[in-house]
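Inside the fold
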Amino acid sequence: MANAYIHNSILSDEQVQAIMRGYAHFVSPKDIAAQVGVSRQTTHSLYLKFSQRLHAAYRWEQPAQDEVRRDILQ
């Protein structure tokens, strides 16, 4: 069954959520992999994917924030 959070993933929802929590709490991929029971490579690749998505979302919101700042300064 495909995972709702990660496309083409065989991980369970609980495993992905645990990895997300580990990422959010700055737990190393090696430590969270041992806790969840997946490989360090799997955890590391998910951490990289989460990071890329967060950076993309930040870049997407930045122009709107700049417009708000410009309005405030005027």
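Here's what I pulled together on the structure shown here. Fair warning: this is a prediction, and the values are worked out from it, not measured in the lab.

With 12 residues, helix α1 (residues 13-24) should cover 16 Å at 1.5 Å per step; its first-to-last C-alpha distance of 16 Å lies within 8% of that length. Of the residues making up α1, those classed as buried are V16, A18, I19 and G22. Down the axis of α1, the buried set is contained in an arc of 160 degrees. They therefore lie on one face. Across from the buried face of α1, at angles greater than 90 degrees, the exposed residues are E14 and A24. Once α1 finishes, F26 follows within two positions and takes phi at roughly 60 degrees, a positive value.

Another point: the side chain of T43. Of note, T43 is situated in helix α3 (residues 40-73). Those residues in contact with T43, other than ones at most four positions away along the chain, are I19, P29, I32, A33 and V38.

All right, on to unusual backbone geometry then. Its identity is not glycine, yet F26 carries a phi of approximately 60 degrees, on the positive side. Looking at where F26 falls in the secondary structure, it is placed in the loop between α1 and α2 (29-36).

Buried residues of α2: I32, A33 and V36, and no others. Each buried residue of α2 lies within a common arc of 105 degrees when the element is viewed along its axis, so the set occupies one face. Exposed side chains of α2 directed beyond 90 degrees from the buried face belong to K30, A34 and Q35. Following α2 by one or two positions, G37 adopts a phi angle in the positive range, close to 90 degrees.

About the thresholds
- Residues numbered from 1 in each chain as written.
- Predicted model: local features only at pLDDT ≥ 70, side-chain atom pairs only at ≥ 80, totals over all residues.
- Heavy atoms only, no water.
- Helix = DSSP H or I, 4+ residues; strand = E, 2+ residues; numbered from the N terminus.
- Expected span 1.5 Å × (residues − 1).
- Buried < 20%, exposed > 50% of the residue type's maximum accessible area, 1.4 Å probe, protein only.
- Arc of directions from axis to C-beta.
- Contact = heavy atoms within 4.5 Å.

Read these as geometric descriptors, not functional statements.
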